[in-house]
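Coordinate analysis (summary)
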Amino acid sequence: MFCVQCEQTISSPTGKGCSYAQGMCGKTETVSDLQDLLVYALQGTSFYAEKAREFGIIDPVVDAFVPQAFFATLTNVNFEADRISGYARKAQAYRQQLREQYEQACAAAGRQPVVPEGAAAFRLAIDTPSLRTQAPIAAVNRGKGKVSDDILGLRLLCLYGLKGAAAYMEHARVLGQTSAEVAGEFHHIMAWLGADPDDMQQLLGTSMAIGKLNYRVMEMLDRGETEKFGHPEPTQVNVKPIAGKAILVSGHDLCDLKLILEQTEGTGINVYTNGEMLPAHAYPELKKFKHLAGNYGSAWQNQQKEFAAFPGAIVMTSNCLIDPNVGSYADRIFTRSIVGWPGVAHIEGDDFSQVIACAQSQPGFQYDEIPHKITVGFGRNALMAAAPAVIDQVKKGNIRHFFLVGGCDGDKSERSYYEAFTQAAPKDTVILTLACGKFRFNKKQFGDINGIPRLLDIGQCNDSYSAIQLALALAKEFDCGVNELPLNLVLSWFEQKAIVVLLTLLSLGVKNIRVGPSVPGFLTPNLLAVLNQEFGLMPITTVENDLKAMLNPK
Ligand code: SF4
Ligand code: SF3
């Protein structure tokens, strides 16, 4: 196995990356190898999806399947060998189907079809042991020693970035937003990466193309969420439990939360959000449910303690899932969609009665805890509505600077930087936040600046589009570029969604972004130097140094 896609990757004697029997996330060697084969198989499917497009043959089922199955290989999503190999076989079947359609169209047009190579010609072995022997062909670091580490690093930047975009495509699809054009561009890049490109400039260019593609996907995602559930509005959320039976919903999928709310109405069960589901409380079509009782727990790395103490049923709608056997709640956690853990019940379809029965069988919370409320819901519309007042305060000199402190959370102690940063930020500064990294500080008191809250929670990582829109609106108002605004981005990364959001920001020309708690393991010192030179991208240092540099730019 070799995997280096997330921030908690292990350093090994063979280089940075998880390469022993099990990854730091709990992914076994078998699952990791099968995931590589799945990605390779998907690259073959994309090859023929692109070829078929030359004849106007577009299969929406394949366009949906490829990003969805790619999402299954994202960190903390699917740990089930059988499901991963099942996706790979399906990918191969779709590839064959598209190949036949393409070759028939070629014959009809009197054209010679291409002779497939590499991923497009690869055939999966019959059983898991034989599949494991094929893994080196599909390994994400294939070519090590033959091409430079810089090229390998750029291939991984593109592959992992595209994986993040695939995850957002799947989130958008679930909300009813698809685009044949976006899917076409996705297949093109996916197939191109399957052919092991080795031109540095082309790879750098493609990483920017992935960022731009993802910007369109984030726009679709924003449209899907707001058309389905309304625009988020600033809303107070209780982060303490109340007495009664309970279901906890985690991950990013708001549609699943809606189904659960509908099916639990009138049952007496209270529904709580966890992790990236917190922003759900701000959507009109979700907050109208009285039994959407509050938010419980914090970010994913605390699951084994927090889920173990939750006296009800738990549903994981997307990432991040970690080993539920450690906290002994494997019998009352359920997975959805592409998520999976061996032995954990998986809900297909829209019927959550199993989850409801499980919640009824659990004790529930015995008493109401003293409420503690936090405010969420500063999505695109709410931010735009607040913009005139914010601009006024900037012009009056009451707001000196903005910080976007957002991104993923994780286990490393170095992540205490983000909490310390928000605490040290001067009182005349405003902090925008999004994604699960905010749980390090979102229950603290930040106060306000003449009525404008100093902490504005934009939402999930899926809502990065709102943050970009605010920056663009401020730049327009102040008649300057985004990089001239009194705004700095201090990001925390963990998985591949964060990689693609970073690529999107870079592709939009946003400069001087700070990233932590460490830099991605697949980026070589040379690549880091290039990214620093071209975009001013830099690692976080100390809170004191970084704040000083941001507030007193040269
Ligand atoms: Fe290691 Fe992260 Fe890959 Fe898991 S996802 S195997 S922790 S690099
Ligand atoms: Fe968190 Fe997994 Fe990335 Fe959506 S839930 S931000 S880490």
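Definitions and limits used
- Residues numbered from 1 in each chain as written.
- Chains lettered and ligands numbered in written order.
- Predicted model: local features only at pLDDT ≥ 70, side-chain atom pairs only at ≥ 80, totals over all residues.
- Heavy atoms only, no water.
- UniProt positions renumbered as here; feature names shortened; annotations may be inferred.
- Helix = DSSP H or I, 4+ residues; strand = E, 2+ residues; numbered from the N terminus.
- Contact = heavy atoms within 4.5 Å.
- Near = heavy atom within 4 Å.
- Nonpolar A, V, L, I, M, F, W, Y, C, P; charged D, E, K, R; others polar.
- Buried < 20%, exposed > 50% of the residue type's maximum accessible area, 1.4 Å probe, protein only.
- Pairing = 2+ DSSP bridges.
- 1 Å grid on protein atoms, 1.4 Å probe; cavity = no way out; pocket = protein on both sides within 12 Å on 5 of 7 lines; lining within 4 Å.
- Points joined across faces, edges and corners; volume = space filled by probe spheres on them.
- Salt bridge = Lys/Arg side-chain N within 4 Å of Asp/Glu carboxyl O.

Turning next to the UniProt feature "binding site: [4Fe-4S] cluster" (unreviewed entry) in the chain. Within the UniProt annotation, "binding site: [4Fe-4S] cluster" (unreviewed entry) is assigned to Cys3, Cys6, Cys18 and Cys25. Of the residues just listed, which span 23 residues, no C-alpha pair is farther apart than 10.6 Å, and they cluster in one region. Relative to the elements of secondary structure, cysteine 3 occurs in the segment before strand S1 (11-12). Apart from residues no more than four positions distant in its own chain, cysteine 3 is found in contact with Thr9, Gly17, Cys18, Lys27 and Ser32.

Let us look at the site of ligand 1. In the neighbourhood of ligand 1, 13 residues make up the surrounding shell, with Cys3, Cys6, Cys18, Cys25 and Thr75 lying closest. The residue inventory of the shell around ligand 1, partitioned by class, reads 7 nonpolar, 5 polar and 1 charged.

Glancing now at the pairing of strand S15 (residues 455-459). Burial of S15 is extensive: 5 of the 5 residues sit out of reach of the surface. By the bridge criterion, 4 bridges tie strand S12 (residues 429-434) to S15 in an arrangement that is parallel. Its bridge partner being in S15, leucine 432 is matched across the sheet by leucine 456.

Bringing empty space enclosed by the protein into the picture now. Regions of empty space are outlined by a rolling probe, equal in size to a water molecule, passed over the atoms. According to the stated counting rule, one finds 12 cavities of 30 Å³ or more in the structure shown. Taken as a whole, the largest cavity encloses approximately 230 Å³ of empty space. Lining the largest cavity are 21 residues; nearest its centre among them are Gly407, Leu491, Ala498, Val501 and Leu502. Mapped onto the lining of the largest cavity, the elements with two or more residues apiece are strand S11 (401-407), helix H14 (464-477), strand S16 (487-492) and helix H15 (496-507). Per element, the largest residue contribution to the lining of the largest cavity is 6 residues, and it comes from H15. Residue composition of the lining of the largest cavity, grouped by class: 16 nonpolar, 4 polar and 1 charged.

Here the focus is the pattern of salt bridges. Overall, the coordinates contain 26 salt bridges when judged by the stated rule. Across the pair glutamate 7 and lysine 412 runs a salt bridge whose closest N-O atoms are separated by 2.8 Å. With glutamate 7 in the segment before S1 and lysine 412 in the loop between S11 and helix H13 (416-424), this pair connects stretches of sequence that are 405 residues apart. Accessibility expressed as a relative area gives 29% for lysine 412, which makes it partly exposed. Put simply, aspartate 256 and arginine 336 hold a salt bridge, and the shortest N to O gap is 2.9 Å. Note that aspartate 256 is positioned in helix H8 (residues 254-264) and arginine 336 in strand S8 (residues 333-336), a separation of 80 residues in sequence. There is no split in this pair, since aspartate 256 and arginine 336 are both buried. What you see here is one network of salt bridges that share partners, running through Glu7, Lys412 and Arg415.

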